[in-house]
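# Architecture at a glance
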Amino acid sequence: MCSDFSFSYNKPFKLKDIDRCWDTILDMKENGVELKINNVEVDDILNSNIKKGKLVDPKILYLVDSKLNTFTLLNTFHKSSTYRAISYSTVYASKYVMGLTQPEKEIIHFTKGTKIKKIYYYQNDLNYIFNNPSVFVKRKFVSNSKYISVEAKRKKDILMGNITIDNNEVKVFLINSFNVANFTRNINVVPTNYIRLEFKHYINFDFAYKIKRRIDAILHILIFTNNISNKLEFVDTKKNRFTYFDLDNKYNERSLTLPSFNTKNTELIFIKLFDLFLNMPDEEINTFLPFLDFYRNKPSVEIEFLEYYRMLELIAKVKNQELQKGKNQLFTLQLIRKYLYLKKQYFGNQPDEELEEELRELRNYYSHEGYYLDILPITKNKQIIRYKNVNSQWKVDTKNFIKKIAYLEIYNMAEIQIDEKEFISNVPI
């Protein structure tokens, strides 16, 4: 894309304030937005975000292009500085929000405090979860010829459910739509699904991003995708529209299925998981980071084991609180017996009580002694009763076993019926 002359500043600005803004060259790159800001030191650009050597705010810059389209750069960082007759500093951002300024209207920048009433969530993998009847094909055979008729008509929005969070009601809609691409010799009609969320009371960007991460996690839990949404649309209380882009995360196309669920009931399944994740207390949601950060590079086998084991500890704690029961030290024994098919896959006919001891000791060893391990001492009443010889395959098996149970227990918390055997054969590890 060609460079565009624009104006930028480290605070939102109006048309009357453009004279005090920085002269800027805007380049839209494949992976983000690049700004060359003339005659301004980088310290002056980003200094307002740093106090006493500590980063106190995200590095946010505001910009308008030559058509007065607005940009809010959310993660700006300094790339370089060039000192010439006209010196400039180059900064870059891969996450930004863009708005369109209507003719004869004032500039309105998106900020962290913008009052959001609607969110449109886009992610191509929604097409693997929800049916889309808006595009259908008719085939006709006449003599020796075959005719194919493609028809597309947007269907009525589907209200999947209402969720209450922090005294705010959220209406969740599924939209079945389609995209049309015109080529020289043909027309390509592609069905597409997206989600609209409407709020009774406005929310801010941080809360909207929290919701976005929850939906990303739900899609992963349902179809094991590693993709996340890189595009959202916001509508504020004054009906201004803004589009959020995350160019750090590219969509990776691959074949996905919904192997373990009744695909006729996916709207209800989605709402159950959404309600579960959205209403989970903040002090507990951190335990579910393996699901919220599923797209990151996988940590070591030992760390993964600990993360999913602690998740199961929390789930057991929540269940016991609901039943007004105390802490259950042997909760993994109940899970082993609950998922015997899975247990036999990894540990054969090993006694359930013996396996529970080993899993519990492994969790304690990793937490207190570190990750190097070849012999695991098994204790009872603080006395060593036996030793377990450990190899790398056993470590992997224990991690996979605990991880798969964590998925199954999440489905159980959301009251989702699942074919355990089919799930076990399809879940990627």
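Our structure is the block above this text.
The text that follows walks through the structure, step by step, so that each part is easy to find. Source: prediction; values computed, not measured.

### Some thoughts on helix 8 (residues 331-338)
Taken residue by residue, helix 8 has Phe331, Thr332, Leu333, Leu335 and Ile336 as its buried positions. On its buried face, helix 8 sits against helix 7 (301-322), helix 9 (340-347), helix 10 (352-368) and helix 11 (392-413).

### A few points about the side chain of His109
Relative to the helices and strands, His109 is located in the loop between strand 10 (95-99) and strand 11 (116-122). One polar contact links the side chain of His109 to the main-chain carbonyl oxygen of Leu63, over a distance of 3.2 Å.

### Remarks on the pairing of strand 1 (residues 4-9)
Across a regular strand the side chains alternate sides, sitting on one face of the sheet and then on the other. As paired elements, strand 1 and strand 2 (residues 22-29) share five bridges and run antiparallel to each other. Paired with Phe7 across the bridge in strand 2 is Asp23. Here strand 1 runs beside strand 6 (residues 61-64); their pairing, made up of three bridges, is antiparallel. Across the sheet, the residue bridging to Tyr9 is Tyr62, located in strand 6.

### Focus on helix 4 (residues 266-278)
Spanning 13 residues, helix 4 covers 18 Å between terminal C-alpha atoms, matching the ideal 18 Å at 1.5 Å per step. Listing the buried residues of helix 4 in full gives Thr266, Ile269, Phe270, Ile271, Leu273, Phe274, Leu276, Phe277 and Leu278.

### Points about a nonpolar patch on the surface
Taken together, Ile375, Ile384 and Tyr387 make up a surface patch of nonpolar side chains, about 320 Å² in accessible area. Looking at the element boundaries, Tyr387 is found in strand 20 (residues 383-389).

### Description of the packing of aromatic side chains
Aromatic ring pairs are reported here in terms of the distance separating the ring centres and the angle at which the planes meet. Tallied over the full model, the rule gives 31 aromatic pairs. With a centroid separation of 5.7 Å and an interplanar angle of 35°, the aromatic rings of Phe305 and Tyr309 are classed as tilted. Residue Phe305 and its partner Tyr309 are both found in helix 7; the two are separated by four residues, about one turn of the helix. When sorted by exposure, Phe305 lands in the same class as Tyr309, which is buried.

Conventions we followed
Residues numbered from 1 in each chain as written. Predicted model: local features only at pLDDT ≥ 70, side-chain atom pairs only at ≥ 80, totals over all residues. Heavy atoms only, no water. Buried < 20%, exposed > 50% of the residue type's maximum accessible area, 1.4 Å probe, protein only. Helix = DSSP H or I, 4+ residues; strand = E, 2+ residues; numbered from the N terminus. Contact = heavy atoms within 4.5 Å. Polar contact = N/O pair within 3.5 Å; in protein donor to acceptor, adjacent residues only side chain to side chain. Pairing = 2+ DSSP bridges. Expected span 1.5 Å × (residues − 1). Patch = residues over 30% accessible without salt bridge, like charges linked within 9 Å, V, L, I, M, F, W, Y side chains within 5 Å. Areas by Shrake-Rupley, 256 points an atom, 1.4 Å probe, with all protein chains shown as cover. Salt bridge = Lys/Arg side-chain N within 4 Å of Asp/Glu carboxyl O. Phe/Tyr/Trp six-rings, centres within 6.5 Å; stacked < 30°, edge-to-face > 60°.

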